[in-house]
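Okay, here's what each chain looks like letter by letter:
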Amino acid sequence: MNANLKTALLTILTLSAFTIALIELSGVSRTALFNKLNLRENSANAATVTTVPESSKTIIKDRPKTSVKFDKDTFDFGVIKDGDLVEHTYKFRNTGANPLMIDDVIATCGCTIPSYTKTPIPPGQNGEIKISFNSKGKAGNVSKSITVISNADQDRIPLHFKATVK
């Protein structure tokens, strides 16, 4: 085999491996995100996370429980254009007697980026979870969710949003 052919084959192999690694680590593929976080989907509703990573379960078990009340658990962006980057902030209040600690907020798709209050929220205080949704390539009626993992009585709280992408 000549040197040019070997170089071309090695380049193709390297680029293929790089592309696969990039897709797996970025969460662009919905299954990549679930594999990376070691989560499984509920087949009846693909947007609902049904298990929590073992490390999160241990953390949650060892802390006192509290309660949380969200202003709204569903938001409708209405009609947006393909490619719009839209944001929404879910507001909540710690209604329990112990500090609320959010361990993670997991999006079911790479098109949704969550950010959240990382410090403990004292009883009676407020916090927020902000999401950014990129509608590029999401034509039609879109329905997505995020899952909040915390030391609340319900340790996995789903929050939903929808939009009509034109």
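Residues numbered from 1 in each chain as written. Predicted model: local features only at pLDDT ≥ 70, side-chain atom pairs only at ≥ 80, totals over all residues. Heavy atoms only, no water.

**Student:** I tried to follow the sheet that holds strand 5 (residues 85-94) on my own but got confused; where do I start?
**Tutor:** Adjacent strands of a sheet pair through backbone hydrogen bonds, lying either parallel or antiparallel. The antiparallel open sheet is built from 4 strands, whose spatial order is 3-5-8-7. Of all the strands in the sheet, just strand 3 (68-70) and strand 7 (112-116) have a single pairing partner and so form its edges. Taking each pair of neighbouring strands and ignoring which way they run, the sheet shows an average axis angle of 25°. Alignment of strand 7 against strand 8 (residues 126-134), held across 5 bridges, turns out to be antiparallel. Bridging across to strand 8, Ile113 finds its partner in Ser132. (Pairing = 2+ DSSP bridges. Helix = DSSP H or I, 4+ residues; strand = E, 2+ residues; numbered from the N terminus. Axes fitted to C-alpha atoms, helices over the stretch in contact; angles between N-to-C directions.)

**Student:** Even after reading the chapter, I still don't get the packing of aromatic side chains, so can you show me in this structure?
**Tutor:** The relative placement of two aromatic rings is captured by the distance of their centres and the angle of their planes. For the structure on display, the rule yields 5 aromatic pairs. Each ring, one from Phe77 and one from Phe133, has its centre 6.4 Å from the other, and the planes form 20°; the classification is stacked. Of this pair, Phe77 sits in strand 4 (residues 74-80) while Phe133 sits in strand 8; the two residues are 56 residues apart in sequence, bridging distant segments of the chain. Put simply, the rings of Phe75, Phe77, Phe133 and Phe161 touch in pairs and so form one group of aromatic residues. Here the basic side chain of Lys118 rests over the ring of Tyr116, its NZ or CZ set 3.9 Å away from the ring centre. (Phe/Tyr/Trp six-rings, centres within 6.5 Å; stacked < 30°, edge-to-face > 60°. Lys NZ or Arg CZ within 6 Å of the ring centre and 35° of its normal.)

**Student:** Looking at this structure, I do not really get the sheet that holds strand 9 (residues 140-150). What am I missing?
**Tutor:** Read from one edge to the other, the open sheet built from 4 strands follows the order 4-10-9-6, with strand pairing classed as mixed. If you trace the sheet from one side to the other, it starts and ends with strand 4 and strand 6 (102-107), each paired once. On average, each strand axis in the sheet is tilted by 20° relative to the strand beside it, whichever way the strands run. Alignment of strand 9 against strand 10 (residues 156-165), held across 10 bridges, turns out to be antiparallel. Its bridge partner being in strand 10, Ser145 is matched across the sheet by His160.

**Student:** I'm lost on the pattern of salt bridges in this one. Help?
**Tutor:** Proximity of charged atoms lets side chains of opposite charge pair with each other. Across all of its chains, the model carries 3 salt bridges by this definition. A salt bridge links Glu87 to Lys130; the nearest nitrogen and oxygen atoms lie 3.3 Å apart. Taken together, the residues Glu87 in strand 5 and Lys130 in strand 8 connect sequence positions 43 residues apart. Glu87 gets classed as partly exposed once you look at its relative accessible area, which sits at 47%. The exposure class assigned to Lys130 is partly exposed, which follows from its relative accessible area of 34%. Measuring nitrogen to oxygen at the nearest pair gives 3.5 Å for the salt bridge that ties Asp155 to Arg156. According to the relative accessible area criterion, Asp155 is partly exposed, its value standing at 23%. With relative accessibility at 29%, the residue Arg156 sits in the partly exposed group. (Salt bridge = Lys/Arg side-chain N within 4 Å of Asp/Glu carboxyl O. Buried < 20%, exposed > 50% of the residue type's maximum accessible area, 1.4 Å probe, protein only.)

Any functional reading would require information beyond the geometric quantities listed.
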